Amino acid sequence: MEAYLAADASEAKKQLEEAEATKKTAETALRDAQKVLDGDAGPDGAYHVLRDRCFSVKVSQYTYEVCAFGRAKQDHTSLGSFREWRADNTKWYFGGGQHCPGRGARDLVVSLRCGSEEWLENVGEPETCSYAADLYTPAACG
């Protein structure tokens with residue numbers, strides 16, 4: 001009889017461990033989803049639709065790429081990672097980019113403009129290693 005109970009207890013323990021592992025995985029997924037929802041996606045979450053999307057444009061010999069709430073680069077040179085909103089939630093600031101001699105880290109300010117579709121343009125370098133660009137998007141039309 002003890003062998004029978006030990007086998008039942010062993011099976012129950014195995015099922016409990018599997019259930020706990022499933023629960024832990026689900027809790028991790030829930031926390032990750034909540035981080036996305038809690039992330040600052042602008043007024044009323046209007047810019048959440050841009051999350052995980054990247055926009056690029058070729059200007060002269062360089063290709064610029066801006067990833068919403070992510071990173072920005074000029075070809076293989078980092079212009080930084082998303083740091084904060086600026087100007088009453090109408091601009092994204094990317095900071096901490098690749099070091100620039102005599103200046104420090106490169107950075108980029110992206111102005112969000114109303115447009116019927118998404119596109120990046122007007123990329124420039126108003127100051128050495130400090131960049132600016134316009135991102136047109138319907139999300140800015142609200």
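Look up a bit, the structure's there.
Summarised in this report is the structure supplied together with it. (Residues numbered from 1 in each chain as written. Predicted model: local features only at pLDDT ≥ 70, side-chain atom pairs only at ≥ 80, totals over all residues. Heavy atoms only, no water.)

**Details of the overall build of the protein**
For the protein, the count of helices and strands is one helix and 10 strands. Counted from the first residue to the last, the protein has its helices and strands arranged as α-β-β-β-β-β-β-β-β-β-β. For the protein, the share of sequence-separated contacts (at least 6 apart) that also reach a separation of at least 24 residues comes to 30%. Put simply, the protein shows about 9100 Å² of open surface, and 50% of that area lies on carbon and sulfur atoms. (Helix = DSSP H or I, 4+ residues; strand = E, 2+ residues; numbered from the N terminus. Contact = heavy atoms within 4.5 Å. Areas by Shrake-Rupley, 256 points an atom, 1.4 Å probe, with all protein chains shown as cover.)

**Focus on the pairing of strand 5 (residues 91–95)**
Burial of strand 5 is extensive: four of the five residues sit out of reach of the surface. Sheet topology note: the strand 4 (residues 77–86)/strand 5 ladder contains five bridges and is antiparallel. Note on strand 5: the bridge partner recorded for Arg86 is Lys91. Linking strand 4 back to strand 5 in an antiparallel pair, the connection comprises four residues, with Ala87 at a positive phi of about 50 degrees. (Buried < 20%, exposed > 50% of the residue type's maximum accessible area, 1.4 Å probe, protein only. Pairing = 2+ DSSP bridges.)

**Focus: the nonpolar core**
A general trend in soluble globular proteins is that nonpolar side chains are found buried together. Residues Trp92 and Leu108 are the most contacted members of the largest nonpolar core, which totals 24 residues. Only strand 1 (54–59), strand 2 (62–67), strand 4, strand 5, strand 8 (107–114), strand 9 (119–127) and strand 10 (130–137) provide two or more residues apiece to this core. Sequence-distant contacts of Leu108, that is, excluding residues within four places in its chain, are made with Val66, Ala72, Leu79, Trp92, Tyr93, Phe94, Tyr131, Ala132 and Ala133. (Core = buried A, V, L, I, M, F, W, Y, C linked by side-chain atoms within 4.5 Å.)

**A few points about the sheet that holds strand 2**
With mixed pairing, eight strands are arranged side by side in an open sheet as 1-2-3-4-5-8-10-9. At either end of the open sheet lies a strand with only one pairing partner, and these are strand 1 and strand 9. Sheet twist, expressed as the mean angle between neighbouring strand axes with direction ignored, is 25 degrees. When strand 5 meets strand 8, the two strands line up antiparallel, connected through four bridges. (Axes fitted to C-alpha atoms, helices over the stretch in contact; angles between N-to-C directions.)

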